[in-house]
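Coordinate analysis (summary)
Listed below are the residues making up each chain.
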Amino acid sequence: SQRQRFSTMLAIVALMSSQLASAAEQDTVQAVIPWEAEGRVFQVSPDEQLFLGALNGILYVESSSGDIHEAFVMCPVIQRLNTKTGNSKATAHCEITASGEDVAYAEMVCEGDVGDCTGTFTLTAGVGTFTGISGQGSLRVRSPIGLLITDMASGAEVSVGAGLAIIKDLKYRIP
């Protein structure tokens, strides 16, 4: 009968939905990005400098089960540095490449002292195995940029040879 077919279809849809839900991947991971950066420093006011550049590095991720994975990271970054107060704000948009087909995208936002800021790391999108990825964790970024830009002329190129981004308790989900 029509009613039995409808009930059977509902049961099949419910079964498929539960299988899809169980296929979703989620975890809370710890991550670190040792990085290098290059860019330019511009004087934008008497007490403020702006760094425009990109950082590159390798993202190492430790899963909750202890497995370690890595991916290449490239992030264009904008950082405002107040030379009078020593405060800094930065935003970076990252492309995280695990393979040619598997790429995640994220945003890093932090503020604090020049060379040491805290904030959030947010996964915003992905392709391949990362399609639909979302998540967020706490972020701390360390950098010697404050030492490097002292008394630099506006427009000068700067190369930061070493920095570190630490991402704690990154809770992610892939549908």
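Here's what I pulled together on the structure shown here. Here the residue index of a chain counts from 1 through its sequence in written order. Restriction of local features to residues with pLDDT of at least 70 applies here, the model being predicted, together with a cutoff of 80 or more for giving and counting side-chain atom pairs; totals for whole chains, interfaces and linings are based on all residues. The basis for every side-chain value is the complete set of heavy atoms in the structure, and neither hydrogens nor water enter the calculation.

Focus: the sheet that holds strand β7 (residues 134-142)
Should DSSP find at least two bridges between two strands, the strands are taken to pair. Here a helix means four or more residues in a row that DSSP labels H or I, a strand means two or more in a row labelled E, and each is numbered from the N terminus. Sheet architecture is closed into a barrel: eight strands sit in the order β1-β2-β3-β4-β5-β6-β7-β8, paired in antiparallel fashion. Between one strand axis and the next, the sheet turns by 25° as a mean value, whatever way the strands run. Pairing of strand β4 (residues 87-97) with strand β5 (residues 103-113), which is carried by eleven bridges, proceeds in the antiparallel orientation. The residue bridging Cys94 from the neighbouring strand is Ala106, located in β5. Fitted lines through C-alpha atoms give the axes, limited to the stretch in contact for helices. The angle between two N-to-C directions lies from 0 to 180 degrees.

As for the state of the cysteines
The criterion for a disulfide is a pair of cysteine sulfur atoms lying within 2.5 Å. Under the counting rule described, the total for this entry stands at two disulfides. Two residues, Cys75 and Cys94, share a disulfide whose sulfurs are 2.1 Å apart. Measuring handedness by torsion sign, the sulfur bridge of Cys75 and Cys94 sits at about 110° and is right-handed. Of this pair, Cys75 sits in strand β3 (residues 68-82) while Cys94 is found in strand β4, placing the two residues 19 residues apart along the sequence. Here Cys110 connects covalently by a disulfide to Cys117, the sulfurs 2.0 Å from one another. Each member of the pair Cys110 and Cys117 is classed as buried. Taken in sequence order, the bonded cysteines of the protein chain link in the pattern 1-2, 3-4. Each residue's exposure class comes from its accessible area (1.4 Å probe, protein chains only) as a fraction of the maximum for that residue type: buried when under 20%, exposed when over 50%, partly exposed otherwise.

Functional significance is not addressed by these values, which are geometric in nature.
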